[in-house]
Amino acid sequence: MYFNTTVANFSPLLLYVPQALWSEALPQDPLLSDYATQSYHATSASQGQASVSFSWSGTGVWLYGGYRPTLGAYKVVVDGKVCQYPGFQNGSTSQANYLLHGSRNLTAGTHSIELTNISEDDEQNILDLDYLVFETYTNEDLVPRTVHYSESDIQYISTSPDEDWNSQPDFRVTNAATGVIKLNFTASV
């Protein structure tokens, strides 16, 4: 059975190098609301080459970002295999949620992907990442389980003396900005 997992651009699973050359989306960006996560990480090649990498166990991966007039050349390396893309093409339509790269039918196992801004064009030098999706295969039947908020597998942790978790009919709530919930579980893939 195949299943997909989405990893947002702000996930700690992504490694941005060098981190100083990446920035978060500007709130005044007119396309921002069209991005699936309503955010992105962007880099400008005018500041130097920057990349983002990810490792996973599975059989496929897809990268999504913006396709705009400022998108310059970029490359994607999957398990050492390099694919280069020219960036935005004149006459095209700008869009968010654009498939920057996809790799499927990979051998089941551990893989790595790296997305790098390689543009040398002063007008087209921006690369942004919204999210990625990776595909995993298991030959076991997955059995979904809903965990109710009152089960013993969940711990509600107070992080300050004035914090308290309050039970409501269908949920628990805290007034603290740093409330913590701990869920213990076992999973296998």
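Below you will find a few notes about this structure. Throughout, a residue's number is its position along its own chain's written sequence, starting from 1. Only residues with pLDDT of 70 or above have their local features reported here, since the model is predicted, and side-chain atom pairs are shown and tallied only from 80 upward, although totals for entire chains, interfaces and linings are computed over all residues. The side-chain figures draw on all heavy atoms in the structure; neither hydrogens nor water molecules are used.

## Focus on the nonpolar core
Reasoning step 1: Counting 24 residues, the largest nonpolar core has Leu14, Phe54, Leu63, Ile113, Leu115 and Leu132 as the members making the most contacts within it.
Reasoning step 2: The numbering of helices and of strands both runs from the N terminus, where a helix is a DSSP run of H or I of at least 4 residues and a strand a run of E of at least 2. At the level of elements, strand 5 (51-58), strand 6 (60-67), strand 7 (74-78), strand 10 (109-117), strand 11 (126-129) and strand 12 (131-137) are the ones that each hand at least two residues to this core.
Reasoning step 3: Contact criterion: two residues are considered in contact whenever any of their non-hydrogen atoms come within 4.5 Å of each other. When neighbours within four sequence positions are excluded, leucine 115 is seen to be in contact with Ala50, Ser51, Val52, Leu63, Tyr74, Lys75, Val76, Leu100, Leu127 and Leu129.
Reasoning step 4: Among buried residues, the Ala, Val, Leu, Ile, Met, Phe, Trp, Tyr and Cys ones that are joined through side-chain atoms within 4.5 Å form a nonpolar core. Burial classes: relative accessible area under 20% of the type maximum marks a residue as buried, over 50% as exposed, and values in between as partly exposed (1.4 Å probe, protein chains only). With seven residues, the next largest nonpolar core counts Ala25, Leu32, Tyr35 and Ala42 among its residues.

## A closer look at the pattern of salt bridges
Reasoning step 1: Salt-bridge detection follows one rule: a side-chain nitrogen of Lys or Arg within 4 Å of a carboxyl oxygen of Asp or Glu. Scanning the entire structure with this criterion turns up two salt bridges.
Reasoning step 2: Residue aspartate 29 pairs with arginine 68 through a salt bridge whose shortest N-O separation is 2.7 Å. In this pair, aspartate 29 is assigned in the loop between strand 3 (22-24) and strand 4 (41-44) and arginine 68 in the loop between strand 6 and strand 7, connecting sequence segments 39 residues apart.
Reasoning step 3: Taking relative accessible area as the criterion, aspartate 29 reaches 11% and is therefore assigned buried.
Reasoning step 4: Beyond isolated ion pairs, a larger network of salt bridges with shared partners links Asp29, Arg68 and Asp128.

## A short note on the packing of aromatic side chains
What describes a pair of aromatic rings is the distance from one ring centre to the other and the angle between the planes of the rings.
Reasoning step 1: Between rings of Phe, Tyr and Trp, where Trp is taken as its six-membered ring, a pair exists when centres lie within 6.5 Å; planes separated by under 30 degrees are stacked, by over 60 edge-to-face, and by other angles tilted. Inspection of every chain in the model, using the stated rule, returns nine aromatic pairs.
Reasoning step 2: Between phenylalanine 54 and tryptophan 56, the aromatic rings sit 5.9 Å apart at their centres with planes inclined by 10 degrees, giving stacked as the arrangement.
Reasoning step 3: Ring plane angle 20 degrees and centroid distance 5.0 Å describe the contact between tyrosine 74 and tyrosine 85, whose orientation is recorded as stacked. Of this pair, tyrosine 74 sits in strand 7 while tyrosine 85 sits in strand 8 (residues 81-85); the two residues are eleven residues apart in sequence, bridging distant segments of the chain.
Reasoning step 4: Residue tyrosine 74 is classed as buried on the basis of its relative accessible area of 3%.
Reasoning step 5: Ring pairs connect the aromatic residues Phe54, Trp56 and Phe134, which therefore count as one cluster.

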